[in-house]
Amino acid sequence: MTEQRSQTWRPNERMSSRRQTILVLIVFGLFAILPVFRSDYLNYMGMRIAIMALFALSFNILLGYTGLLSFGHAAFYGVGGYASGLILIHLTSELILAIVAGAAVAGLTALLVGYFCVKRTRIYFSMLTLAFGMLIYVVCYKWKSLTGGTESLGGIPRGKLLGLVDLFPLGRYYFFVLIVTALAIYVIYRITKSPFGLLIQGIRDNENRIRFAGVMVKRYRLYVFTIAGFFSGLAGGLYASLESTMFPSICDWQSSAEPIMVTLVGGVESFMGPIVGSVVFILIKELIVRFTQQWLLVFGIILIILLIGFRGGVSRFIERRFSSNLPS
Amino acid sequence: MDTYVYTLLVGLYYGMNVWLVASGLTLIFGMMGVLNFAHGSLYMMGAFLGYTFAKLCGDNFWLGLLIGPIAVGVIGATLEFFLIKRVYRLDIIYQLLITYALVLVLDNLFKIIYGSLYMSVGVPIQGGIRVLGRFVPIYYFFIIAVGILVALLLWILLNKTKLGRYLRAAAHNREMSSAVGINVPRLFTFIFGLGSAMAALGGAMTAPIQTISSGMGTAIIITSFIVAVIGGLGSLLGAFLGAIIIGLVNSFGILWLGEMSAPLPYAAMAVILLAKPSGLFGASEE
């Protein structure tokens, strides 16, 4: 095993920006009119999709834009969720404060863990993130006085908005989740388009060239790791208040596999990929669960077919449709 | 003193259990460069199929222990031939994902077949030996012996036989081996089947002293990853010694630190990856 597999993820720039904007507005519009149906079920599904999309997008800053495959990303999601939940239970009922603080704790954890992880690349990086992710999982599992251990951390409230609006009703919490997610996605999008974003893509495509240009490659990888951890924690905070409980298994390696699956189903090469992927993931799950509890069996088969037959993901397929007039 | 000896034996038995999974994992990674997430599921299948074949043969545990791993070996070779074979050329992320998808399929399939209940199998060798006044089940010694025997047989296969020479050649250079007439794809299928059978042997053998469930594979696969990383990815000797180390870290960790010992294996893995990513006995530097 000496041959080095080159990393050649390239976020797709082929779709014209006008078309992309229209697509984004359509998706956002669909989500915005969802509460019209006054169905808690639909609201809940919408939130699951939005939170998963944010989680997967934060993961894809690492994989798609920096070429680093993390196998412990759920740990930061979990840390964000636990931190936000604990703040809401013990300190304040101000939801914005709690989830931002939770995300900050997750970001700091990522900064600390990332300091070690970015010392390695490729499979060794993945194995390191696996090890640290499982370490965090064990801490959540064993630190019973803080997290409740396997008993789970229950009774996480949804809190209030600016001390005025009670966010407990699912319909109101839905708008909160939607706006926070949309803002976060916009910020991530701006990051990927910024000089910083171009630089990390340069590192992905040709590490040496960027290094010779005088850039501290490891430091930039650490920045990305921290940013990814922050947004993952933000998604975790939103999740904690939605479900009102946190389990240790939310941090474990099988949870870390979820954003990977979602991203690959949607397409690692485009910014929209993880968003499309989470819509597909959650909807497929909802459909199959109606027939069998072992929905993962069917999902595994779908995943194998997708990975062998349609690498590039659903969004790549859609983009091809949308941009058939452009040379590919 | 007797407590230390007992803890040592428990560590060794657990280490040998992990070794049987980690050996196949390492063999497959060393030969084909695929990190196979589904290897834990093959271990789980070994436990269930060993149990079923034992029942079919009139409660004969030993026949189950023989037929179960062979059956899983055949299943593993079939999976390689129809599925895993397609991922060799792909990027490592797709390899991990496809083998992980396989975990989802196999684990849930067995959950449907056997139900989500926990099952237990009777211990086939009753009795124990007094070691320094401490009672140790004979079956622990049996597991340790089988683990060492598998290691020896594997060493002989790779180093002393013609097939072993072909295997080492194929691992070293696929194209050249093909050019001199070695049927590399068939060797890969064989190795995958062999690795699967070893994992299944581990599952079937330890079924009597633990509860078997469809989730038991996901628990051991991470420990096997730790072992493979500590020993050095792709190094069989490393996996053998790494398994013993992790076994002992586990048993002595519980003895001395109790609950606090849970993070130790992960911490050991992280430290090794940072200090020497090629592992304790691995050859290639990153």
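Residues numbered from 1 in each chain as written. Chains lettered and ligands numbered in written order. Predicted model: local features only at pLDDT ≥ 70, side-chain atom pairs only at ≥ 80, totals over all residues.

*Asks:* Is there a simple way to explain the overall build of chain A in this structure?
*Replies:* Helix and strand counts for chain A stand at 14 helices and 2 strands. Sequence separation of at least 24 residues holds for 77% of the intrachain contacts in chain A that already meet a minimum separation of 6. (Helix = DSSP H or I, 4+ residues; strand = E, 2+ residues; numbered from the N terminus. Contact = placed C-beta atoms within 7 Å.)

*Asks:* So what exactly am I meant to see when it comes to the overall build of chain B here?
*Replies:* Within chain B, the secondary structure is distributed over 11 helices and 2 strands. Going from N to C terminus, chain B has its helices and strands arranged as α-α-α-α-β-β-α-α-α-α-α-α-α. The C-alpha radius of gyration of chain B comes to 19 Å, within 12% of the 19 Å expected for a compact globule of 286 residues. Across its three principal directions, the C-alpha atoms of chain B cover 60 × 50 × 35 Å. By residue count, 52% of the 286 residues in chain B fall in the buried class. Long-range pairs, those at least 24 residues apart, make up 76% of the contacts in chain B with a sequence separation of at least 6. (Rg over C-alpha atoms; globule rule 2.2 N^0.38 Å. Buried ≥ 20, exposed ≤ 12 C-beta atoms within 10 Å, placed from the backbone.)

*Asks:* When you look at the pairing of strand 2 (residues 134-137) of chain B in this model, what are you seeing that I'm missing?
*Replies:* Put simply, side chains in a regular strand alternate between the two faces of the sheet. All names here are of chain B. Alignment of strand 1 (residues 128-131) against strand 2, held across 4 bridges, turns out to be antiparallel. In the sheet register, Arg130 faces strand 2, and the bridge partner there is Phe135. Where strand 1 folds back on strand 2, the antiparallel hairpin that results is connected by 2 residues, among which Leu132 adopts a positive phi of roughly 50°. (Pairing = 2+ DSSP bridges.)

*Asks:* What exactly am I supposed to notice about the nonpolar core here?
*Replies:* Proteins that are soluble and globular tend to have nonpolar side chains buried together. Counting 202 residues, the largest nonpolar core has Ile51, Leu54 and Ala131 of chain A as its most contacted members. Those residues within four positions of Leu54 of chain A in sequence are excluded, and the remaining contacts are Thr181, Ala184, Ile185, Phe231, Leu234 and Ala235 of chain A. (Core = buried A, V, L, I, M, F, W, Y, C linked by C-beta atoms within 7 Å.)

*Asks:* Mind showing me how you'd approach helix 1 (residues 2-32) of chain B here?
*Replies:* Two residues of an α-helix separated by three or four positions point the same way, owing to the 3.6 residues in each turn. All names here are of chain B. For helix 1, with 31 residues, the first-to-last C-alpha span of 44 Å sits near the 45 Å given by 1.5 Å per residue. Of all the bends in helix 1, the largest measures some 30° and sits at Trp19. Counting buried positions along helix 1 gives 22 out of 31 residues, so the element sits mostly inside the fold. (Expected span 1.5 Å × (residues − 1). Bend = angle between axes of the 7 residues up to and from the residue.)

*Asks:* What exactly am I supposed to notice about the packing of helix 12 (residues 273-289) of chain A against helix 13 (residues 295-309) of chain A here?
*Replies:* Each pair of packed helices can be described by the angle between their axes along with the distance between the axes. All names here are of chain A. Interaxial distance between helix 12 and helix 13 falls to 9 Å at its minimum, and their mutual angle equals 130°. Compared by their axis directions, helix 12 and helix 13 come out oblique. For helix 12 against helix 13, the interelement crossing comes out right-handed. On helix 13, the residues touching Ile284, Lys285, Ile288 and Val289 of helix 12 are Trp295, Val298, Phe299 and Ile302. Across the contact of helix 12 with helix 13, the residue classes tally to 7 nonpolar, no polar and 1 charged. (Axes fitted to C-alpha atoms, helices over the stretch in contact; angles between N-to-C directions. Parallel < 35°, antiparallel > 145°, perpendicular 65-115°, else oblique. Left-handed = near helix turned anticlockwise from the far one by under 90°. Nonpolar A, V, L, I, M, F, W, Y, C, P; charged D, E, K, R; others polar.)

*Asks:* What is the right way to look at the interface of chain A and chain B in this model?
*Replies:* How big an interface is tends to be stated in terms of accessible area lost as the parts join. Contact residues are listed per partner, giving 35 residues for chain A and 34 residues for chain B. Counting only elements with at least two residues in the side of chain A that touches chain B, the list comes to helix 5 (122-142), helix 11 (253-266) and helix 13 of chain A. In terms of residue count, the dominant contributor to the side of chain A that touches chain B is helix 5 of chain A (11 residues). Residues that form the side of chain A that touches chain B fall into these classes: 26 nonpolar, 4 polar and 5 charged.

*Asks:* What exactly am I supposed to notice about unusual backbone geometry here?
*Replies:* The phi torsion of most residues other than glycine is negative, and most of the peptide bonds are trans. Residue and element names in this part refer to chain A. Even without glycine at this site, Arg122 takes up a positive phi of about 50°. Structurally, the position occupied by Arg122 is in helix 5. In the Ramachandran plot, Ser244 falls in the positive-phi region, its phi being about 60° despite a non-glycine side chain. If you trace the backbone, Ser244 turns up in the loop between helix 10 (217-243) and helix 11. On the neighbour-count criterion, Ser244 (15 C-beta atoms within 10 Å) is partly exposed.

*Asks:* I would appreciate a short explanation of the confidence of the model for chain A in the present structure.
*Replies:* One rule of thumb: low pLDDT means the predicted coordinates there are not for detailed reading. Residue and element names in this part refer to chain A. Looking at chain A as a whole, the pLDDT averages 83, with 89% of positions reaching at least 70. Across residues 1-12 the pLDDT falls below 50, and counting only partners more than four positions away or on other chains, this stretch makes 21 contacts in the model. In this model, residues 323-328 is a region of pLDDT below 50 whose contacts with residues beyond four sequence positions or in other chains number 5 contacts. (pLDDT = per-residue confidence, 0-100.)

*Asks:* Whenever I open this one, the packing of helix 3 (residues 73-90) of chain A against helix 4 (residues 95-117) of chain A confuses me. Can you help?
*Replies:* Residue and element names in this part refer to chain A. Taken N-terminus to C-terminus, the directions of helix 3 and helix 4 make an angle of 140°; their axes are 7 Å apart at the nearest point. Compared by their axis directions, helix 3 and helix 4 come out oblique. As for how helix 3 packs across helix 4, the hand of that crossing is right-handed. Of helix 4, the residues touching helix 3 (which contributes Phe76, Val79, Gly80, Gly81, Ala83, Ser84, Ile87 and Leu88) are Ala98, Ile99, Ala101, Gly102, Ala103, Val105, Ala106, Thr109 and Ala110.

*Asks:* I would appreciate a short explanation of helix 2 (residues 40-66) of chain A in the present structure.
*Replies:* Residues and elements named next belong to chain A. Between its terminal C-alpha atoms helix 2 stretches 38 Å, which fits the 39 Å expected from 27 residues at 1.5 Å a residue. Largest kink in helix 2: about 40°, centred on Asn60. Within helix 2, 21 of the 27 residues are buried, leaving the element largely enclosed by the surrounding structure.

*Asks:* Would you mind showing me how to read the confidence of the model for chain B here?
*Replies:* Scored by pLDDT, chain B has a mean of 84; 96% of the residues are at 70 or more. At the level of individual helices and strands, chain B shows its lowest average pLDDT in strand 1 of chain B, which scores 75, and its highest in helix 8 (residues 184-206) of chain B, which scores 89.

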